[in-house]
Each structure stands twice: as structure tokens, then as C-alpha cells.
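# Chains, contacts and geometry: an overview
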Amino acid sequence: MKKLNYFLVIFSAFSQLLFSQQKEERTFSEIRKYYEKMTIDDMDAMPYVKLYIQKAKRENNLPKLIQGYRDGRQFDHRNKIKYADSAIAVSLKHGASDDISKDYLSKGIIYYFYQKKYKLALDQYLKAYQYSKGSEDKYHHYKVIYHLGIVKEHLGYYDEALEHFEDCAAFYSLRPKKKLHDNEQFNYKKAYLNSLHQMTVINRYVKNFKKSDSLSRLGYQLTLNDHDFALENGYFLKCIGISKFHKKKYVEAEKDLERALPVILKRNDFAWASVIYYYLGKISEAQNDIDRAIQYYSEIDTIFEKHEFILPEVYRSYNYLIGYYKNNDVNKQLYYTNQLLKADSLISKDYPYLSSKLHKDYDRKTLIEQKDDLEKTSTRKIRFAKILILSGTIVIGFLVVRYIKDRKIKKQYDLLQKRIADGTYVVKDIIQDETVEDTSRKTSLTPEMSLEIRGKLEKFEKEKQFLKKGLTEKDVAVKLSTNSHYLSVYINEHKGMNFNKYMAELRINYITHLLNTNNMYLRFTIEALAKECGIASRQNFSNLFFDINGIRPTDYIKKRKQELGIS
């Protein structure tokens, strides 16, 4: 029946196109009216979306083509990445920075929401952030901030993430100055509710239960009986159920979680579905209903097996499964032990901050030993022991070399940090004794000219005009209303270096201060850092950073993260 309905929708779309061509071709707005109010992932919209895209291609209307690809990305749940890439490709060639930023952000959201690939999502979010700089679109700016907060939350940086969500909630709750279209009003409310939900979750993670409860009740009331926000209502109901579990109100908690589960499953949000299964399993444990606990925890394993995804919050369900099958089914005990090891490995990659805490609860080394005992293969044990001995020897040798190298890097890092702390990490003028005439200086500058150039250079440095890529000595001289010769003489005599060295020091000093004061830049790629300070190539940036700071940028970032406790 569903296939028949889908056929009728397609037939209707194409027949309308056929008849409209016989009379008068429909406008973009007329085509879009058929689907613009449909819900996300509604495949019934796609015949009209394809008509929209075909019309845009036929008329070479690039802004409409971008919109068509974005619509395809929204409604075609099987080909979201394909349409996202198409939108990015056209935006990069013909769109403005805001267009490019929005399309990178949307691709990141697909990786996050539909695939739970946080590292890939973060790459897209950072690109979106770069292109959003200087944008007047505040709604989009805060949308980028929100999704960067999502990644920080999943990596365990709760305080930083909470700041993101509080800022977003404050912005999206404000009444915009101009009257918004219905779709824009919907988007603002949805963004506010999502920010509210994330604040609820983080406050629970940091054990601020009173605040978490207050936020979840607020969100639940704001979405109650509102069909447009049924999913958000399910999220807040889920939070209320978890809160009741912690208060040992198991019957009420179970009802809330079971009410929230269908709408979350319908939206295919398997991440939060796994959290609900986990707490339903915990409730079953508390009620001594072992069969139901096993059933719920098995659902978590099904999600993990299908999507290769697991949240640290539900990780302990494997402990229960392993313990249950220990005396009942050795094969299942081995299977869940292997699954736990696989989950541990995955979490160690995506959740470095949280992973160390999980190791305290269930020691990885013990698991490997149990696995070896279960496999009962002495030959493999001997071979494994030999490999361990050989690997240990290699690792020890590597660690010794690495230790020596790390000591050198640490020494350079400490020296650089001391210069920054002392305030000596700046490009200063050479202090000269004006009362003593230096006969070796062959200057062509009068004291008045030197004073004028100094003032203009100070303004040049203060306004960070040196960040513009490709600046030549002639370009800077023109900016300062002087000539290249006078500028060169001044920099050589008063800065003690040539023009290229002067520009390099300004740029490297600038980016080093950013790395030292703003943790966000510690997550940038070397290419992005080079671009940020106006240096054309990655290699040139790395070499200049080393020449000026005595340490490679990758090593500096690593040491800075260690110092701040960031993984």
C-alpha cells in the first residue's frame, strides 16, 4: 500500500509537470509549496525536490540549485551525504561565505545525528566556523556554536559545552526585531529547545540534579501536546524518566521512558534510544526482573553491532551481560567480552577524556586475561606471550627515544611560556642611546621620519594588518604612506631584522598568543592555523614557528593540551 501511495505521489508530480509545460511552467515557489512544510526525511517530498533541481539546472539558476540540493539533503534520508556534497560543491564555486558555512554545518549535522561520527562531524563544524567569521547572520553563528558544543559535550568538556548551550539558549529565546516567517519561528523555537535539552543533559552529567530537573520540566511543558515538537517532548520526557530512576521512583520512571522511546525510535535517534534501553535495564535490575534486563541490554548491543556506535553512559550494560552468562553460556560470555573490548577501543578513540574513567570501572587488562582463559588455547597463549615480550622490547626502546625527545620539547616549551608570561614575547624596537653617535650606521632617515614610521608601524601591528596573506614590503610601505627603502632601513635599524623576518615574527607571535589563550585554536589543523595568521603554506608556517619559537607547532599544541588537561 505504501509503495502504491509513493507511486501515486511520483505520478502526480510528473503529470502536473507535464500539464504545466503544456500551459505555463510552474515557478520555483509553486513547486516548493508542495513540500516545504513536510517533516524531515519525508521521502514523499523527493519527486517535487527533483523537479525543483531540474528546473534550476535547466535555467542555470545557481542560488536555486543550492536550495534544491539543500532540500534533497533534508528529505532524502538515504542520500543525505550525496546532496550535502552537491550543495557544498556549488556553494564553494558560486555561493557567499554564509552559504558555504551553512552547507558545511549541515554535512556535519548528518555525520553527528544520523551516523554518530563525531570526528568527521567536528571537521565539518570547524570549516563552518571558519567561513562564518564576520557573518551578520546571528542565527547561523549560534547554530555553529551549538554544534561545536555538542562535540565538546561528547568529548567530556562539560563546562565548556555548557557555556555554548547557555549562550545559544539566551540568543534563541530573544524575540527577533523583525517579524519572522513561520518556518523561521519554528527554527528559532527548535534551536532553543535543543539548547535547553543539552543543558538538561550536562547538568545531569555533572550531578547538578536540581537544575537538570528544572530545565527538563520547563522543556516538557513548552512542548506538551505540540505535534511539531513531538521529538523534543520525547527528549525532555526521557530526562524526566532518568531523574525519577535516580530518585528510585522505578514505576514512574519506567512509564516515562517507555512513552519517550517510540517517538525517539521513529526519528531513528539510536543514540538516545540506547540510553533509554540502558535505564529500562537498570530499572529491571532494581526490580529483580533479570529476563527484561537482559532484553534491554541486548538492544544496546544490537545498536552497537548495527551502527558501530556506543555512548559511555550505556557502556556498563556489557558488565551485566558478561556476569549473567558467566555460569550460563560460555560462548555468549566470550561474545559479550569481545563486544566490550571492541566498545572500549571505539570509546578510546572518540571519548579520550571519558575513557580513562571507564577503565577504572572495568580494567581492560583483566578483560584480556579473561578472554584468553575462555579461548583455552595454550599454543596461542605462548605465541601471544612471545609477541608481548618482543613488543615490549620495541616499545621500551621507542619510549626511551621518545623520552629524550620529549625532554627537549618540554624545555623549549617552558622557555617559550616563560617569555610569554614575562611579557618579553613581542617584537620590540631596539633601544638606542641617542646621545652616542654610531658612525657605522648608514641611515637615510631623519629623526622625524623615524618617529613617523614608528607610529604608523605601531598602528599596523595594533590593528593586526599583518594577518593579510601575501603582503609584500611594497604593499606595507604603501599602507604606511612611505617607500620601501625607508621602511626597510627603519625595520633593519630599529627592529634588528629584515622585512620578511619582521612579518614572520608578528604572525607567529600572534598565532602563539592565540594558542596560549584560546583553547579553541588547539583543535585547529596546522593548515587552518597558517591561514589564520596569514601564512600561505603549512610547511612554511611550521618552519617559521620552529625558527622563532624553537618548537614545532604540533609539539607546542600537544604540550599546551597536556598542561591544560585537554585530550
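Note that the structure is predicted; figures quoted are calculated from it, not measured.

## Comments concerning the overall build of the protein
Scanning the protein from terminus to terminus reveals 27 helices and 0 strands. In the protein, which comprises 567 residues, the share counted as buried stands at 44%. Accessible surface for the protein amounts to roughly 31,300 Å². Of this, 53% is attributable to carbon and sulfur atoms.

## Examining the environment of Ala273
With respect to the helices and strands, the residue Ala273 is situated in helix H14 (residues 270-286). Note: C-alpha distance between Ala273 and Tyr235 (38 residues apart in sequence) is 10.0 Å.

## Digging into the packing of helix H24 (residues 499-517) against helix H27 (residues 553-564)
Relative to each other, H24 and H27 sit at 25°, their axes nearing to 10 Å. Here H27 runs roughly parallel to H24, going by the angle between their axes. The two elements H24 and H27 meet at a crossing, and its hand is right-handed. Where H24 approaches H27, its residues Thr512, Leu515 and Asn516 are matched on the opposing element by Tyr556, Ile557 and Arg560. Here the residues of the contact of H24 with H27 are counted per class, giving 3 nonpolar, 2 polar and 1 charged.

## Quick notes on the pattern of salt bridges
Applying the stated criterion across every chain, the model contains 27 salt bridges. For Arg267, the salt bridge is made with Asp41, and the minimal N-O distance between the two is 3.2 Å. Placement of Arg267 in the loop between helix H13 (250-266) and H14 and of Asp41 in the loop between helix H2 (28-33) and helix H3 (46-58) is noted, with a sequence separation of 226 residues between them. Where Arg292 meets Glu254, a salt bridge forms, and the shortest distance between an N and an O atom there is 2.9 Å. Highlighted residues: Arg292 in helix H15 (residues 290-307) and Glu254 in helix H13, separated in sequence by 38 residues. Among the charged side chains, a network of salt bridges with common partners joins Arg70, Arg73, Asp99 and Asp103.

## Some points on the nonpolar core
Counting 136 residues, the largest nonpolar core has Leu457, Phe460, Leu487, Tyr502, Leu529 and Phe541 as the members making the most contacts within it. In this structure, Phe460 is in contact with Gln465, Phe466, Leu471, Val476, Lys479, Leu480, Tyr502, Met503 and Leu506, ignoring residues within four places of it in sequence. Judged by nonpolar contacts, the second largest core, of 19 residues, contains Phe28, Met43, Val49 and Tyr69.

## Considerations on unusual backbone geometry
The backbone of Asn60 sits at a positive phi, close to 55°, despite the residue not being glycine. The topology assignment puts Asn60 in the loop between H3 and helix H4 (62-75). With a relative accessible area of 59%, Asn60 lands in the exposed category.

## Remarks on a negative patch on the surface
Together, Asp159, Glu163, Glu166 and Asp167 line one region of the surface with negative charge. Structurally, Asp167 is set in helix H9 (residues 158-173).

## A word on the packing of aromatic side chains
The description of an aromatic ring pair uses the distance of the two centres, along with the angle that the planes make with each other. Under the defined criterion, the tally for this structure stands at 31 aromatic pairs. Ring centres 5.9 Å apart and planes at 20° place the aromatic pair Tyr104 and Tyr131 in the stacked group. Of this pair, Tyr104 sits in helix H6 (residues 97-115) while Tyr131 sits in helix H7 (residues 118-132), and the two are 27 residues apart along the sequence. Accessibility expressed as a relative area gives 26% for Tyr131, which makes it partly exposed. Members of the aromatic cluster, each reached through a chain of ring pairs, are Phe245, Tyr250, Tyr278, Tyr279, Tyr297 and Tyr320. Looking at Lys238, its charged tip hangs above the ring of Trp272, at a distance of 3.3 Å from the centre.

## Brief notes about H15
With 18 residues, H15 ought to run about 26 Å at 1.5 Å a step, and its terminal C-alpha atoms sit 26 Å apart, in line with that. Within H15, the full set of buried residues consists of Ala293, Ile294, Tyr296, Tyr297, Ile300, Asp301, Ile303 and Phe304. Positioned one or two residues after H15, Glu308 has a phi angle of 55°, which is positive.

## Some thoughts on helix H23 (residues 484-495)
In this model H23 runs 15 Å from its N-terminal to its C-terminal C-alpha over 12 residues, within 8% of the 16 Å that 1.5 Å per residue would give. Listing the buried residues of H23 in full gives Leu487, Val489, Tyr490, Ile491, Glu493, His494 and Lys495. Tucked into the core, H23 has its buried residues touching helix H21 (447-462), helix H22 (473-479) and H24. Backbone nitrogen of His485 and a side-chain oxygen of the N-cap are separated by 3.1 Å at the start of H23; the cap is Asn483. Just past H23, the residue Gly496 takes up positive phi, approximately 75°.

## Some points on the environment of Ala191
Along the chain, the position of Ala191 falls in helix H10 (residues 182-205). In this structure Ala191 comes out as buried when scored by relative accessible area, which is 13%. A C-alpha to C-alpha distance of 7.9 Å links Ala191 and Cys168, two positions 23 residues apart in sequence. In contact with Ala191, other than residues within four places in its own chain, are Tyr139 and Tyr172.

## Focus on the confidence of the model for the protein
On average, residues of the protein score 83 in pLDDT, and 84% of them are at 70 or above. Within the model, the stretch residues 17-23 combines pLDDT values under 50 with 3 contacts to residues more than four positions away or in other chains. In the model, residues 433-440 has pLDDT below 50 throughout and makes 0 contacts with residues more than four positions away in sequence or in other chains.

## As for the side chain of Lys55
Residue placement: Lys55 occurs in helix H3. Once residues within four sequence positions are removed from consideration, Lys55 is found in contact with Glu25, Arg26, Thr27, Phe28 and Ile31.

## Section: a positive patch on the surface
Side chains of Lys50, Lys57, Arg78 and Lys82 sit close together on the surface and give a patch of like positive charge. Within the secondary structure layout, Arg78 lies in the loop between H4 and helix H5 (80-94).

## Remarks on the side chain of Ser135
Relative to the helices and strands, Ser135 is located in the loop between H7 and helix H8 (138-155). Engagement of the side chain of Ser135 in a polar contact is seen with the backbone nitrogen of Asp137, the distance being 3.0 Å.

## A few points about the packing of H4 against H6
Their axes nearest at 12 Å, the elements H4 and H6 cross at an angle of 15°. As judged from the angle between their axes, H4 and H6 are roughly parallel. By crossing handedness, the relation of H4 to H6 is classed as left-handed. Listed contacts from H6 to Ile66, Arg70 and Arg73 of H4 are Asp99, Lys102, Asp103, Ser106 and Ile110. Its residues placed into classes, the contact of H4 with H6 shows 2 nonpolar, 1 polar and 5 charged.

Analysis parameters
Residues numbered from 1 in each chain as written. Predicted model: local features only at pLDDT ≥ 70, side-chain atom pairs only at ≥ 80, totals over all residues. Heavy atoms only, no water. Helix = DSSP H or I, 4+ residues; strand = E, 2+ residues; numbered from the N terminus. Buried < 20%, exposed > 50% of the residue type's maximum accessible area, 1.4 Å probe, protein only. Areas by Shrake-Rupley, 256 points an atom, 1.4 Å probe, with all protein chains shown as cover. Axes fitted to C-alpha atoms, helices over the stretch in contact; angles between N-to-C directions. Parallel < 35°, antiparallel > 145°, perpendicular 65-115°, else oblique. Left-handed = near helix turned anticlockwise from the far one by under 90°. Contact = heavy atoms within 4.5 Å. Nonpolar A, V, L, I, M, F, W, Y, C, P; charged D, E, K, R; others polar. Salt bridge = Lys/Arg side-chain N within 4 Å of Asp/Glu carboxyl O. Core = buried A, V, L, I, M, F, W, Y, C linked by side-chain atoms within 4.5 Å. Patch = residues over 30% accessible without salt bridge, like charges linked within 9 Å, V, L, I, M, F, W, Y side chains within 5 Å. Lys, Arg positive; Asp, Glu negative; His and termini not counted. Charge placed at Lys NZ, Arg CZ, Asp CG, Glu CD. Phe/Tyr/Trp six-rings, centres within 6.5 Å; stacked < 30°, edge-to-face > 60°. Lys NZ or Arg CZ within 6 Å of the ring centre and 35° of its normal. Expected span 1.5 Å × (residues − 1). Polar contact = N/O pair within 3.5 Å; in protein donor to acceptor, adjacent residues only side chain to side chain. pLDDT = per-residue confidence, 0-100.

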